[in-house]
Structures are given as structure tokens and as C-alpha cells.
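Residue-level structural notes
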Amino acid sequence: YRWRAVCNLNMDSAANPAGLAIPFYTTMIEKAVKDSVKYTKELKEGYKYLGDIYTFKEDYAKSVYYYTKYLELDPENETVKTTLDSIKKIWKGN
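Residues numbered from 1 in each chain as written. Predicted model: local features only at pLDDT ≥ 70, side-chain atom pairs only at ≥ 80, totals over all residues. Heavy atoms only, no water.

On to the environment of Y70. If you trace the backbone, Y70 turns up in helix α4 (residues 60-73). Each C-alpha atom, one on Y70 and one on Y47, is 5.5 Å from the other, the two residues being 23 residues apart in sequence. With sequence-adjacent residues up to four places away left out, Y70 is seen in contact with K44, Y47, K48, N77 and V80. (Helix = DSSP H or I, 4+ residues; strand = E, 2+ residues; numbered from the N terminus. Contact = heavy atoms within 4.5 Å.)

Next up on the list: the packing of helix α3 (residues 40-56) against α4. Two numbers describe a pair of packed helices, the interaxial angle and the distance between the axes. At a minimum axis distance of 8 Å, the contact between α3 and α4 shows a crossing angle of 155°. In terms of axis orientation, α3 runs roughly antiparallel to α4. Like other packed secondary-structure pairs, α3 and α4 cross with a definite hand, here left-handed. Taking contact as the criterion, the partners of T40, L43, K44, Y47, K48, L50, G51, D52, Y54 and T55 in α3 are, on α4, Y60, K62, S63, Y66, Y67, K69, Y70 and L73. (Axes fitted to C-alpha atoms, helices over the stretch in contact; angles between N-to-C directions. Parallel < 35°, antiparallel > 145°, perpendicular 65-115°, else oblique. Left-handed = near helix turned anticlockwise from the far one by under 90°.)

On to the packing of aromatic side chains. Applying the stated criterion across every chain yields a total of four aromatic pairs. Feature note: the residues Y47, Y54, Y65 and Y66 constitute an aromatic cluster, connected by ring pairs. (Phe/Tyr/Trp six-rings, centres within 6.5 Å; stacked < 30°, edge-to-face > 60°.)

Turning to helix α2 (residues 22-32), a few remarks are in order. An α-helix turns once per 3.6 residues; consequently, residues spaced three or four apart project the same way. Here α2 has its buried residues at I22, F24, Y25, M28, I29 and A32. Along the long axis of α2, the arc covered by the buried residues comes to 165°, so they all point the same way. For α2, the secondary structure elements touched by its buried residues are α1 (2-11) and α3. (Buried < 20%, exposed > 50% of the residue type's maximum accessible area, 1.4 Å probe, protein only. Arc of directions from axis to C-beta.)

Within the largest apolar cluster, 24 residues are counted, with the highest numbers of intra-cluster contacts made by Y25, Y49 and L50. Mapped onto this core, the elements with two or more residues apiece are α1, α2, α3, α4 and α5 (78-93). Those residues in contact with L50, other than ones at most four positions away along the chain, are I22, Y25, T26, I29 and Y66. (Core = buried A, V, L, I, M, F, W, Y, C linked by side-chain atoms within 4.5 Å.)

Below you can see the structure in the form of C-alpha cells.
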């Protein structure tokens, strides 16, 4: 599922992504979460992508969810922390 996600991500438009990799990353996460220690790298990749794409689509509830899941695996990632804080400010403004 990860490789299908990566392929679909590469086929998607960078300027206006349609989210072609969403179903594959979602399925990958469902399977990888059963052994989160072994698949930490893959889970972080999936959570980051889903957080990014849902931010682009302005679905802030989903983006906050996925960035929060990412931070559960890597709480020291400053980039994701900053992004999550920014999204929360935008979301509360709506």
C-alpha cells in the first residue's frame, strides 16, 4: 500500500493535488498501526501526507487529527508542531 501511495502521490499535481494517495495511505496506516514500532517510519509518512493534503483541502479537523497522530510518534518534530499550531489558529478563526 505504501508503494501504491507513493506512485499515486507522484502522479498527482503538485500545484493542485487531488489527493490520489489518500486511500492508499489510509489503508497502509490501518495495517501498520498493528505494529507501530516496526512501521514507525511508514506511519509518520502517512500521517504527514494526510495532514498536508487535508490542510490543502481546508479540512482542518482531519489535518489536526493526522498531525496529532504524527506527533504521538515524533513529539520533537518542530516542523509538524509549528504547522499544527498554525492550523489550529486558522481553524479557530473560522
